[in-house]
Amino acid sequence: MFLIAGPCVIESEELVFEVASTMKAITNELGIDYIFKASFDKANRSSTGSYRGPGIDKGLEILSNVKKELGLRVLTDVHEDTPIDEVASVVDVMQTPAFLVRQTNFIQKVAAAGKPVNIKKGQFQAPWDMEQVVKKCHEVGNKDIWLCDRGTSFGYNTLVSDMRGLSVMRQTGCKVVFDATHSVQQPGGQGATSGGQREMVPVLARAAVAAGIDGLFMETHPDPTVALSDGPNMLPLKHMKELLETLLEIDQVVNKRPFIESKLV
């Protein structure tokens, strides 16, 4: 199991290095393959008054410094108006937002850059719908596609996570990632901002690892109560090691035997 983790958005270079260096120490100790995550721009905010990030120039500079000084791989979000080649020259993995998963030109443009792409499943999609998204990426020559579940819309301001969907997406042959923090988000739940239930992050993370995911995505912050984006659903940095120790134990048990789902249909 690999881990994608970091703050939702780049708030400052100091915060980025605090989280990245702490997570590097934890994952090195636990033997986890770690990818640092932070966004230079969050276009899909609840209101125009929400903080979006430092922008592409400063953001890529900070992510580049993380790579050089800490030796970590980095992942960031891209959007329809993002200069994809410029981002691809710095980051190791690009991530597409859930709301843009059906935008064919955008998905193929990102995939054509030749980097691994972590594609968020739309909150409005069934897991089997991702097969067509994968085909779009394969058509432009990219086979290194990861499918990430971040919950499914279930009424107003509510998401649910169906663990069966992780097995369904695994049938595409792609790596399957579970986003444990956005899955507890309550989109627009606080009016101008989104709410969340961070206390449910460990519950869903344990269930997803037991379902046999390849990677886990979690946003974390030293103090989520003052975070500039997604604070209610981010996991406090001080609790990451304890949770990861539990998840590793589950992952080791699950991987002792092959999956048998295909034998039961």
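These figures come from a predicted structure and were not determined experimentally. (Residues numbered from 1 in each chain as written. Predicted model: local features only at pLDDT ≥ 70, side-chain atom pairs only at ≥ 80, totals over all residues. Heavy atoms only, no water.)

**Some thoughts on the overall build of the chain**
- A count of helical and extended segments in the chain gives eight helices and 13 strands.
- Over its C-alpha trace the chain gives a radius of gyration of 17 Å, about what one expects of a compact globule, namely 18 Å for 265 residues.
- Dimensions along the principal axes, computed over C-alpha positions, put the chain at roughly 50 × 40 × 40 Å.
- Within the chain, the fraction of its 265 residues that count as buried is 52%.
- A sequence separation of at least 24 residues applies to 69% of the contacts in the chain between residues at least 6 apart.
- When the accessible surface of the chain is summed, it comes to about 11,800 Å², and 50% of that surface belongs to carbon and sulfur atoms.
- Computed over 28 positive and 33 negative side-chain charges, the separation of the two mean positions in the chain equals 5 Å. (Helix = DSSP H or I, 4+ residues; strand = E, 2+ residues; numbered from the N terminus. Rg over C-alpha atoms; globule rule 2.2 N^0.38 Å. Buried < 20%, exposed > 50% of the residue type's maximum accessible area, 1.4 Å probe, protein only. Contact = heavy atoms within 4.5 Å. Areas by Shrake-Rupley, 256 points an atom, 1.4 Å probe, with all protein chains shown as cover. Lys, Arg positive; Asp, Glu negative; His and termini not counted. Charge placed at Lys NZ, Arg CZ, Asp CG, Glu CD.)

**A short note on the packing of helix α4 (residues 104-111) against helix α5 (residues 130-139)**
- Between α4 and α5, the shortest axis-to-axis distance is 8 Å and the interhelical angle comes to 50°. Taken as axis vectors, α4 and α5 run oblique relative to one another. Crossing geometry of α4 relative to α5 is assigned as right-handed. Contacts from Thr-104, Ile-107, Gln-108 and Ala-111 of α4 reach α5 at Val-133, Lys-136, Cys-137 and Glu-139.
- Of the residues assigned to the contact of α4 with α5, the class counts are four nonpolar, two polar and two charged. (Axes fitted to C-alpha atoms, helices over the stretch in contact; angles between N-to-C directions. Parallel < 35°, antiparallel > 145°, perpendicular 65-115°, else oblique. Left-handed = near helix turned anticlockwise from the far one by under 90°. Nonpolar A, V, L, I, M, F, W, Y, C, P; charged D, E, K, R; others polar.)

**Re the environment of Phe-40**
- Here Phe-40 is to be found in the loop between β2 (33-37) and α2 (56-70).
- Judged by its relative accessible area of 3%, Phe-40 falls in the buried class.
- When residues no more than four places from it in sequence are discounted, the contact partners of Phe-40 are Ile-10, Arg-52, Gly-53, Pro-54, Gly-55, Ile-56, Gly-59, Leu-60, Thr-76, Asp-77, Thr-82 and Val-87.

**Thoughts on the pattern of salt bridges**
- Inspection of every chain in the model, using the stated rule, returns 10 salt bridges.
- Of the charged contacts, one joins Lys-241 and Glu-29 as a salt bridge, the two residues approaching to 2.9 Å between their closest N and O atoms. Of the two residues, Lys-241 sits in helix α8 (residues 240-254) while Glu-29 sits in helix α1 (residues 13-30), which places them 212 residues apart along the sequence.
- In this structure, the salt-bridge partner of Asp-33 is Arg-73, at a minimum N-O distance of 2.7 Å. Of the two residues, Asp-33 sits in strand β2 while Arg-73 sits in strand β3 (residues 73-77), which places them 40 residues apart along the sequence.
- Taking the relative accessible area as the measure of exposure, Arg-73 reaches 32% and is therefore partly exposed. (Salt bridge = Lys/Arg side-chain N within 4 Å of Asp/Glu carboxyl O.)

**Observations concerning the pairing of strand β5 (residues 117-120)**
- Burial along β5 is two-sided: the face carrying Val-117 and Ile-119 and the face carrying Asn-118 and Lys-120 are both buried.
- Relative to β5, strand β4 (residues 93-96) is paired through three bridges, and the arrangement is parallel. Within the sheet, the bridge partner assigned to Met-94 lies in β5 and is Val-117.
- Of the strand pairs in this sheet, β5 and strand β6 (residues 145-149) are connected by four bridges, and their pairing is parallel. Paired with Asn-118 across the bridge in β6 is Trp-146.
- Viewed along the sheet, the connection from β5 through α5 into β6 turns out right-handed. (Pairing = 2+ DSSP bridges. Right-handed = clockwise from strand over helix to strand, strands pointing away.)

**Re α4**
- Those residues of α4 that sit buried are Phe-106, Ile-107, Gln-108, Val-110 and Ala-111.
- Check the buried side of α4 and you find it contacts α3 (84-88), β4, β5 and α5.

**As for the packing of aromatic side chains**
- Per the counting criterion, the structure on display carries one aromatic pair.
- Where Phe-2 meets Trp-146, the ring centres are 5.0 Å apart and the plane angle is 50°; that geometry is what we call tilted. Of this pair, Phe-2 sits in strand β1 (residues 2-6) while Trp-146 is found in strand β6, placing the two residues 144 residues apart along the sequence.
- Since its relative accessible area comes to 3%, Trp-146 is described here as buried.
- Its end group placed over the ring of Phe-217, Lys-120 keeps NZ or CZ at 4.5 Å from the ring centre.
- For Arg-170, the ring lying beneath its charged end belongs to Phe-259, and the centroid distance is 3.8 Å. (Phe/Tyr/Trp six-rings, centres within 6.5 Å; stacked < 30°, edge-to-face > 60°. Lys NZ or Arg CZ within 6 Å of the ring centre and 35° of its normal.)

**Quick look at the state of the cysteines**
- All told, the structure shown has zero disulfides when counted by the stated rule.
- Of all cysteine sulfurs in the structure, the one in Cys-174 sits closest to Cys-137, which takes part in no disulfide; the separation is 7.9 Å.
- With a relative accessible area of 8%, Cys-174 lands in the buried category. (Disulfide = S-S within 2.5 Å.)

Keep in mind that these numbers describe shape and distance, not what the molecule does.
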